[in-house]
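# Coordinate analysis (summary)
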Amino acid sequence: MGKKLKIGIPCSEANCVCDKAQYDESSFLEKIKLNIHLLYCKACRKYSKTNSKLSSVIKHSKITCMNKKDKECLKKDFEKAIKENNLEL
Amino acid sequence: MPKHLLNPNKWIDLYADYLFNYTITRVNDKEMAQDLVQETFLAGLKSMKNFKGEASERTWLISILKRKIIDHYRKINSNKGKAEVRITYNSDTETEGDWLEEQVADPFDKTAEDKIQNEELSDAIYNCLSKLPEKQATIFRMKTIEGYETEVICNELNITSSNLWVIIHRARTALAACLEENWF
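My aim in this report is to walk through the structure given alongside it, one point at a time.

Conventions we followed
- Residues numbered from 1 in each chain as written.
- Chains lettered and ligands numbered in written order.
- Predicted model: local features only at pLDDT ≥ 70, side-chain atom pairs only at ≥ 80, totals over all residues.
- Heavy atoms only, no water.
- Helix = DSSP H or I, 4+ residues; strand = E, 2+ residues; numbered from the N terminus.
- Buried < 20%, exposed > 50% of the residue type's maximum accessible area, 1.4 Å probe, protein only.
- Areas by Shrake-Rupley, 256 points an atom, 1.4 Å probe, with all protein chains shown as cover.
- Salt bridge = Lys/Arg side-chain N within 4 Å of Asp/Glu carboxyl O.
- Contact = heavy atoms within 4.5 Å.
- Buried area = accessible area lost by both parts, 1.4 Å probe.
- Polar contact = N/O pair within 3.5 Å; in protein donor to acceptor, adjacent residues only side chain to side chain.
- Nonpolar A, V, L, I, M, F, W, Y, C, P; charged D, E, K, R; others polar.
- Axes fitted to C-alpha atoms, helices over the stretch in contact; angles between N-to-C directions.
- Parallel < 35°, antiparallel > 145°, perpendicular 65-115°, else oblique.
- Left-handed = near helix turned anticlockwise from the far one by under 90°.
- Patch = residues over 30% accessible without salt bridge, like charges linked within 9 Å, V, L, I, M, F, W, Y side chains within 5 Å.
- Lys, Arg positive; Asp, Glu negative; His and termini not counted.
- Charge placed at Lys NZ, Arg CZ, Asp CG, Glu CD.

### Structural notes on the overall build of chain B
When you go through chain B residue by residue, the secondary structure sums to seven helices and zero strands. Each helix and strand of chain B, ordered N terminal to C terminal, gives the series α-α-α-α-α-α-α. Counting only residues that meet the buried cut, chain B has 38% of its 184 residues in that class. Roughly 11,500 Å² of accessible area belongs to chain B as shown, and the carbon and sulfur atoms make up 50% of that amount.

Structure follows, in structure tokens:
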């Protein structure tokens, strides 16, 4: 094939791969490209570092939220309550 | 003139997750936490006329929620003491007379400091999350906290995956900066 395998990637792409990597959604090749990019790009190294820190902090915090179904139930009930309350006022 | 106004129509979207997270770190029971959050919203609705506008909406709701959590513990505590069951004495010579259950290491036992840090940390994350634009916050929450697949989010919100990653990128940058200031 005439197309050469591109090793160097621009910063925007590197950041995107780095974001994907936080969710385990980047491919092996992408990760290699990212690491090569990180070798010579200080700004992206910094971003990559804070990014993984953010991931570990979120994991460590065991943050949760309501699941969607429950939230919709809650919403429905609450909207009913708002209506009832408005009638009383 | 009051500085802050109440808008109950947006309460669930804006604060349900924050209140839920706040509650679950304190009561450790999903169902119970949901009930408490619901009660809080209803109580807030009923006492809207008492809102002076001095605190922000969220602070006000949290203060109601705190009361609800305390009430919850009062309620269960009155029955709990009576229903306590001790299993059996230990018959080893060394530890004779100790309750068996007291010798089991509690896998959930963390130091108090750890626990406080965890609670404060998730509060801080929600704080920062609430400063983001609504769309960014929603997508970040779905992806990171609820752990949805990229495809599912894209279908639901009708965006392309590259669009999603751009939004995630912005959210992560903003969040990291915000947490950097307040936490790291």
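Here the narrative resumes.
### A closer look at the pattern of salt bridges
If you walk through the whole model with that rule in mind, you get eight salt bridges over all chains. Residue Lys30(B) pairs with Asp70(A) through a salt bridge whose shortest N-O separation is 3.7 Å. Of this pair, Lys30(B) sits in helix α2 (residues 30–46) while Asp70(A) is found in helix α4 (residues 68–88), placing the two residues in two different chains. The exposure class assigned to Lys30(B) is partly exposed, which follows from its relative accessible area of 39%. Measuring nitrogen to oxygen at the nearest pair gives 2.9 Å for the salt bridge that ties Asp17(B) to Lys71(A). Of the two residues, Asp17(B) sits in helix α1 (residues 11–27) while Lys71(A) sits in helix α4, which places them in two different chains. With respect to class, Asp17(B) is no different from Lys71(A); both count as buried. Through salt bridges with shared partners, a single network forms among Lys71(A), Asp17(B) and Arg141(B).

### Description of the interface of chain B and chain A
The interface of chain B with chain A comprises 43 residues on the first partner and 33 residues on the second. Note on chain B versus chain A: buried area summed over both sides is about 3,700 Å², and carbon and sulfur give 64% of it. Among the ionic pairs, Asp13(B) bridges to Lys75(A), the shortest N-O distance being 3.1 Å. Here chain B is connected to chain A by twelve residue pairs in polar contact (both at pLDDT 80 or more). For the side of chain B that touches chain A, the secondary structure elements donating two or more residues are α1, α2, α4 (112–129), α5 (134–145), α6 (150–157) and α7 (161–182) of chain B. Among the elements that line the side of chain B that touches chain A, the one with the most residues is α7(B), at nine residues. Among the residues making up the side of chain B that touches chain A, the classes are represented as 22 nonpolar, ten polar and eleven charged.

### Let's talk about the packing of helix α1 (residues 11–22) of chain A against helix α3 (residues 42–61) of chain A
Residue and element names in this part refer to chain A. Orientation of α1 relative to α3, taken along the N-to-C sense of each, is 20°, at an axis distance of 10 Å. Regarding the angle of α1 to α3, the classification is roughly parallel. Here α1 and α3 pass one another in a crossing that is right-handed. Across the interface between the two elements, Cys11, Ala14, Asn15, Cys18, Asp19 and Gln22 from α1 touch Cys44, Tyr47, Ser48, Asn51, Ser52 and Ser55 from α3. A per-class count over the contact of α1 with α3 returns five nonpolar, six polar and one charged.

### Things to note about a nonpolar patch on the surface
Residue and element names in this part refer to chain A. On the surface, Phe28, Leu29 and Ile32 cluster together into a nonpolar patch covering about 310 Å² of accessible area. With respect to the helices and strands, the residue isoleucine 32 is situated in helix α2 (residues 28–40). Exposure remark for isoleucine 32: the relative accessible area of 34% places this residue in the partly exposed category.

### Re the side chain of Thr40(B)
On the secondary structure map, Thr40(B) appears in helix α2. Ignoring sequence-local partners within four residues, the contact set of Thr40(B) consists of Leu19(B), Leu61(B), Ile64(B), Leu65(B) and Lys68(B).

### Focus: a negative patch on the surface
Taken together, Asp29(B), Glu31(B), Asp35(B) and Glu39(B) make up a surface patch of like negative charges. As for its position among the elements, Asp29(B) is in the loop between α1 and α2.

### Section: the packing of α3(A) against α7(B)
A pair of packed helices is captured by two measures, namely the crossing angle of their axes and the spacing between those axes. The N-to-C vectors of α3(A) and α7(B) enclose an angle of 80°; their axes lie 10 Å apart at closest approach. Considering their axes alone, α3(A) and α7(B) lie roughly perpendicular with respect to each other. Seen from α3(A), the contacting residues are Tyr47(A), Thr50(A), Asn51(A), Leu54(A) and Ser55(A); seen from α7(B), they are His169(B), Arg172(B), Thr173(B), Leu175(B), Ala176(B), Leu179(B) and Glu180(B). Partitioned by chemical class, the residues of the contact of α3(A) with α7(B) number five nonpolar, five polar and two charged.

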